[in-house]
Amino acid sequence: MYQFASFVFLLGFLFLISVITGFLPLGEPPMLVGQVIQNNAASETGASNFVTSVVLGYRGIDTLGELSILFAAATAGSLVLSGLKQKSIESGDAGFLVKSASELFFPLLIVVGLYIVLHGHLTPGGGFQGGVILAAAFFLPLLAKPSKSINSLALGLIEGLSGAAFIIIGLIALFNEGAFLKPFFENGELGSLISSGTLPLLYIAVGLKVGAELASLLNLLNQEEVNDS
Amino acid sequence: MIPDISSILFSGAIGLLVIGVGGLLLSNNAYRVLLALVIAEAGANLMLVIAGYRWDAIAPILTGDFTPQPMVDPVPQAMVLTAIVIGVGVQALALTLIIRVKKAYGTLNMVEIKKRMEMDFDRLSQEANQPGKLEDNS
Amino acid sequence: MKHYIILTVILPLLVAFLLPTIGRFSYFLARALPPIILIFSIVITACVYNNETAPFALHIGDFVAPQGIVFHVDSISLLMALSVQVFALFLWPRRSFKLQSEQIVSNKRYSLMLLLVASANGLAFSGDLFNLYVFYELLAVATFGLISFDTNEANQARFAAAFRYLVISATGSVMALLGIALVYFLTGTLNFAHLATQQANLFNPIGLSAFALLLVGFGVKAELFPVNSWVPEVYSAASKKLSGYLAGVISKLAVLVIIKALLFIFPHSEAAYLMLGLGLAGLLIGELSAMRSNDFTRMISWSSVAQLGLVFIAFSIPGQAGIIAGLAVLFHHMFVKTALFLIAEKWGGRISDLHGQGYLNLIMSGIFIFVALSLIGLPPLPGFWSKFLLLNGLAGQEYYFAIAIILITTVIEVNYLFRVANHLFSREDKPVLPINNHHWFDTLTASLIVVALIVAVWELPTINDQLIIMSDQLLDIESYVNRVLISTENGL
């Protein structure tokens, strides 16, 4: 009976959404805000990647909120798992292929991750994507050797300081320029690496924060897996 | 015949949403409920990102000689970036909670979990006012 | 001065980020810092509240309005932020730990509490739909973490409750995100002021469905009817002070978000009827379940569902009468429910276990009786006045059906609240359980709430004037739009 009712509900939901989307103007968005941003972003923020200028400039406080969510999730996750006993069970290594691949890929991933973070204002990519790659770099050795764990003290330090750096850059803008998160360096030449004011600095902070948060979340779940077996 | 591009994009979003909601309603396993949530969230994100889609437009990045061209709306893309990261955080937290629930009750069956939880509440409610209770957290 | 209001959001975030690191070096500093920051932001909010009589818009990063994010600061948002911080200070988790591992855990709890306060402040001020969504999610994640912390290891139900809450909340977020996508499809903007100028595009069935999706999404925290099954579970599993904070203060911010969506996205009668219907259903279900429950915590949890139903009914009345009644019910419930959960701190078990307690702990039972009378709406107390405003507004719209349901549920309310009072002062020949007394600080907080309610009786005309000012500001959409969309130069 419950399943039948669920199916009926799903059919109704499907019909409803299909009808709604049928009326939506796909391909010709109103572009009220988007057009203005496209016209002004290059001169206002100096970033040639408009998504970056939206993420860190126009909607910078959204990004701060999102970093806080990652931080809250990592903190809450460690609170949830804190009551469990941390016992170390010997578990075997992952074999030759994974081990040597992780050693091979570690520097590569670091370089790629940093490149993507640093070029966030010029090319697709940025702090989030680069941060995820950085976290993967630090997580690969764990895959190869599951009994190891990342130094949580250092992770906590990076987490805290990179988040604080984002806010402090914003606060400097608040006290000097009168508005929180207002970009305050010279915009520089459009399209060059050192340009678009404080945006690259903010993106470095975002990249480190995202990388550290994801690494600590993975570390948390990894410890559990070892304990569980 | 090549189907209309808008119907392809929309059916992707609708399909993900309906599959996700269906999984939420029909699956009984806590982990599958979480996966269904991930799918539904992907559907909502896809819906958001195609809100800024334009025919014959390029990605919103100035390249080459920086001449302005028609570009897709950058705002939904930035918002989806935010929404995806939010989703990752919530899902990781949900995983840790699933681990604890499994440890506590030894099952992932949602019905069973609810039953055990209600039993726990009854027990706690009886014990709450018994003498000799330790100073609780507050 | 104006620009510093953003510090109430930023400083708690900054301290929360650094707190686990600080805590490793000095536990004392980690315990002392959060209350200091809270007091500091209370001072900032109070200064802005005193100095700025006119509402103003704060453009973050100095980007012009519809592109950048705007914080819109008016009396209602300032008052909300002020109550968020003051209640957080009074309901701050207490308990010092000796072991270092326990200290690290408790630092994490403090930093989650700060994140909760920061996100609640953000919800009060923000004037952008997606920004509200981000703060709402931050609030949700911080809440999950706080629920699943308990020093009583026997309480395993908290994980199951948190997980079930997470599933409901995340489903709601998906719905809210879908609603945001629909709004963006129709208008191409997310700024509330800009949306208000685009009303013509939104007044169609798609706009209504976007509003309904937002209502379901943001309604999860506001304990709205179809998505409120988490309420009794979470409030029973979490620590009672946290439950009091969630039920008393945090749920009101979700209501505020919904009111913004109602006023700026779909201010038409269909949306109001939707809210009226869901509010009535929540009221009936809440009161009936409260009557059936044998557990004190469960009873007041269901009663909070019913009270938020009343809030939604009030806001569904069109025009100024509805806003005033809604704000009155909302602020009254904020005080009353917090006091009830403070009482539940020690009396949270079965109601029948409470017999004879009234003679042992006269202060707390007196507070309970007073608060219960105000909740029911006995004439001189503020609860009567808020219910009177509500019924008056409903009568003005000729919603006699809703009036009948509210009166019937009031009778039910009397029934279950006075069943507790009967047990408290029963003269039955059973041994009285030696329940620990409430902590002196909780007793003080509950007494302060009672004092505030008594003062409110004398100051009713002043409060009434304030509510009229607030509702004028909320309803004056034209000047809201002018404040937000005119360039930032005026504000500096």
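The structure under discussion appears in the preceding block.
Below is a short write-up of the structure. Residues take numbers from 1 onward in each chain, read along the sequence in its written order. Chain letters and ligand numbers both follow the written order, the letters beginning at A and the numbers at 1. This being a predicted model, a pLDDT of at least 70 is required before a residue's local features are given, and a value of 80 or more before pairs of side-chain atoms are given or counted; all residues contribute to the totals for chains, interfaces and linings. Remark: hydrogens and water are excluded; side-chain values derive from all non-hydrogen atoms of the structure.

### With respect to the packing of aromatic side chains
Consideration 1: When two rings of Phe, Tyr or Trp (its six-membered ring) have centres within 6.5 Å they constitute a pair, described as stacked for plane angles under 30 degrees, edge-to-face for angles over 60, and tilted for the intermediate range. This model, assessed by the stated rule, comprises 25 aromatic pairs over all chains.
Consideration 2: Each ring, one from Phe9(A) and one from Phe13(A), has its centre 6.3 Å from the other, and the planes form 10 degrees; the classification is stacked. Taken together, the residues span about one helical turn, with Phe9(A) and Phe13(A) both in helix α1 (residues 2–22) at a distance of 4 residues.
Consideration 3: Here Phe384(C) and Phe388(C) contribute two aromatic rings whose centre-to-centre distance is 6.0 Å and whose plane-to-plane angle is 25 degrees, an arrangement assigned as stacked. One end of the pair is Phe384(C) and the other is Phe388(C), both in helix α17 (residues 382–397) and 4 residues apart, which spans about a single turn.
Consideration 4: For Phe384(C), a relative accessible area of 32% corresponds to the partly exposed category.
Consideration 5: Taken together, Phe144(C), Tyr165(C), Trp230(C), Tyr235(C) and Phe341(C) form an aromatic cluster joined through their ring pairs.
Consideration 6: Over the ring of Phe17(C) we find Lys209(A), and its NZ or CZ is 3.8 Å from the ring centre.
Consideration 7: The criterion for a charge sitting over a ring is simple: Lys NZ or Arg CZ within 6 Å of the ring centre, and within 35 degrees of the ring normal. Against the face of Tyr136(C) rests Lys221(C), its NZ or CZ located 4.9 Å from the ring centre. For the purposes of this entry, the term helix denotes a DSSP run of H or I that reaches at least four residues, the term strand denotes a run of E that reaches at least two, and both are numbered from the N terminus. Throughout this description, buried means an accessible area under 20% of the type-specific maximum (1.4 Å probe, protein chains only), exposed means over 50%, and partly exposed covers the range between.

### Observations regarding helix α3 (residues 75–90) of chain C
In an α-helix, one turn spans 3.6 residues; hence positions three or four apart end up facing the same way.
All names here are of chain C.
Consideration 1: To estimate the expected span of a helix, count its residues, drop one, and scale the result by 1.5 Å. If you check α3, its first and last C-alpha atoms are 22 Å apart, about what 16 residues at 1.5 Å a residue would give, namely 22 Å.
Consideration 2: Of all 16 residues in α3, 12 are buried, a share of seventy percent or more.
Consideration 3: Every buried residue of α3 is accounted for by Ser 75, Ile 76, Ser 77, Leu 78, Met 80, Ala 81, Leu 82, Ser 83, Val 84, Gln 85, Phe 87 and Ala 88.

### Thoughts on the interface of chain A and chain C
Consideration 1: Contacts are assigned to residue pairs that have any heavy atoms within 4.5 Å of one another. With 56 residues of chain A at the contact, the number on the chain C side is 55 residues.
Consideration 2: When two parts are brought into contact, each loses some accessible area as probed by a 1.4 Å sphere; the total of that loss over both is the buried area. A combined buried area of about 4500 Å² lies between chain A and chain C, and 78% of that area is made up of carbon and sulfur atoms.
Consideration 3: Three residues stand out in chain A for area buried against chain C, namely Arg59(A), Ile61(A) and Leu79(A), and they jointly supply 14% of the buried area on that side.
Consideration 4: Every case where a carboxyl oxygen of Asp or Glu lies within 4 Å of a side-chain nitrogen of Lys or Arg is listed as a salt bridge. At the surface where chain A touches chain C, the tally comes to 1 salt bridge.

### Quick look at the interface of chain A and chain B
Consideration 1: Listed as interface residues are 55 residues of chain A and, on the opposing side, 43 residues of chain B.
Consideration 2: Applying the counting criterion to the chain A and chain B interface returns 0 salt bridges.
Consideration 3: Contacts described as polar in this section are N or O atom pairs within 3.5 Å, which, within protein, must combine one atom able to donate a hydrogen with one able to accept it, while residues neighboring in sequence count only if both atoms come from side chains. For the pair chain A and chain B, the interface holds 5 residue pairs in polar contact (both at pLDDT 80 or more).
Consideration 4: Taken together, the elements giving at least two residues each to the side of chain A that touches chain B come down to α1, α2 (32–44), α3 (50–58), α4 (60–81), α6 (127–144) and α8 (199–228) of chain A.
Consideration 5: The dominant element in the side of chain A that touches chain B, judged by the number of residues it contributes, is α1(A), at 11 residues.
Consideration 6: All amino acids are sorted into three groups, where Ala, Val, Leu, Ile, Met, Phe, Trp, Tyr, Cys and Pro are nonpolar, Asp, Glu, Lys and Arg are charged, and the leftover types, Gly among them, are polar. For the side of chain A that touches chain B, the residue count by class is 34 nonpolar, 15 polar and 6 charged.

### Side note on a nonpolar patch on the surface
Residues and elements named next belong to chain A.
Consideration 1: Each patch is assembled from residues with relative accessible area greater than 30% and no salt bridge, linking like charges that lie within 9 Å and nonpolar side chains (Val, Leu, Ile, Met, Phe, Trp, Tyr) that lie within 5 Å. In this description, accessible areas are obtained by the Shrake-Rupley approach with a 1.4 Å probe, and a residue is regarded as covered only by the protein chains that are shown. Residues Leu 118, Ile 158, Phe 185, Leu 193, Ile 194, Leu 201, Ile 204 and Leu 208 make up a contiguous nonpolar surface patch of about 730 Å² in total accessible area.
Consideration 2: Broken down by element, the residue count for the nonpolar patch peaks at 3 residues, all from α8.
Consideration 3: Mapping Phe 185 onto the fold places it in the loop between α7 (152–177) and α8.
Consideration 4: Note on Phe 185: relative accessible area 48%, which makes it partly exposed.

### As for the environment of Gly87(B)
Consideration 1: When you line up the elements, Gly87(B) lands in helix α3 (residues 74–105).
Consideration 2: Distance from Gly87(B) to Gly15(B), taken between C-alpha atoms, is 19 Å for residues 72 residues apart in sequence.

### Some thoughts on the pairing of strand β1 (residues 56–59) of chain C
Residue and element names in this part refer to chain C.
Consideration 1: The side-chain alternation of β1 yields two buried faces, one formed by Phe 56 and Leu 58 and the other by Ala 57 and His 59.
Consideration 2: Two strands qualify as a pair provided that DSSP identifies no fewer than 2 bridges between them. Bridge analysis of β1 against strand β2 (residues 70–73) gives 4 bridges, and the strand direction is antiparallel. Opposite Phe 56, over in β2, you have Val 73 as the bridge partner.

### A short note on helix α10 (residues 230–237) of chain C
Consideration 1: Burial analysis of α10(C) places 8 of its 8 residues in the buried class, which makes it a mostly covered element.
Consideration 2: Among all positions of α10(C), only Trp230(C), Val231(C), Pro232(C), Glu233(C), Val234(C), Tyr235(C), Ser236(C) and Ala237(C) are buried.
Consideration 3: Buried residues along α10(C) sit in contact with α4 (110–128) of chain B together with α5 (129–147), α6 (157–187), α11 (240–264), α13 (296–315) and α14 (320–347) of chain C.

### Description of the pattern of salt bridges
Consideration 1: Taken as a whole and assessed by the stated rule, the structure comprises 9 salt bridges over all chains.
Consideration 2: With a closest N to O distance of 3.0 Å, Arg59(A) and Asp62(A) form a salt bridge.
Consideration 3: For Arg164(C), the salt bridge identified is with Glu233(C), shortest N-O distance 3.1 Å. Here Arg164(C), found in helix α6, pairs with Glu233(C), found in helix α10; they are 69 residues apart in sequence, far enough to count as distant.
Consideration 4: Arg164(C) gets classed as buried once you look at its relative accessible area, which sits at 17%.
Consideration 5: Looking at Glu233(C), the relative accessible area reads 4%, which means it is buried.
Consideration 6: What emerges from the salt-bridge pattern is a single network uniting Arg59(A), Asp62(A) and Asp128(C).

### Looking at the side chain of Ser111(C)
Consideration 1: Relative to the elements of secondary structure, Ser111(C) occurs in helix α4 (residues 100–125).
Consideration 2: Here Ser111(C) falls in the buried class, since its relative accessible area comes to 0%.
Consideration 3: Excluding residues that lie within four positions of it along the chain, Ser111(C) makes contacts with Phe71(A), Thr75(A), Ala16(C), Leu19(C) and Pro20(C).

### Notes on the nonpolar core
Residues and elements named next belong to chain C.
Consideration 1: Only buried residues count toward a nonpolar core. Its members are Ala, Val, Leu, Ile, Met, Phe, Trp, Tyr and Cys residues joined through side-chain atoms within 4.5 Å. In terms of nonpolar packing, the biggest core is built from 301 residues, with Phe 130, Tyr 245, Ile 265, Phe 296 and Leu 390 touching the most fellow members.
Consideration 2: The greatest single-element share of this core, amounting to 23 residues, is contributed by α6.
Consideration 3: When sequence neighbours within four positions are dropped, the list of residues in contact with Phe 296 reads Leu 340, Ile 343, Ala 344, Trp 347, Gly 348, Gly 349, Ile 351, Leu 354, Phe 368 and Val 420.

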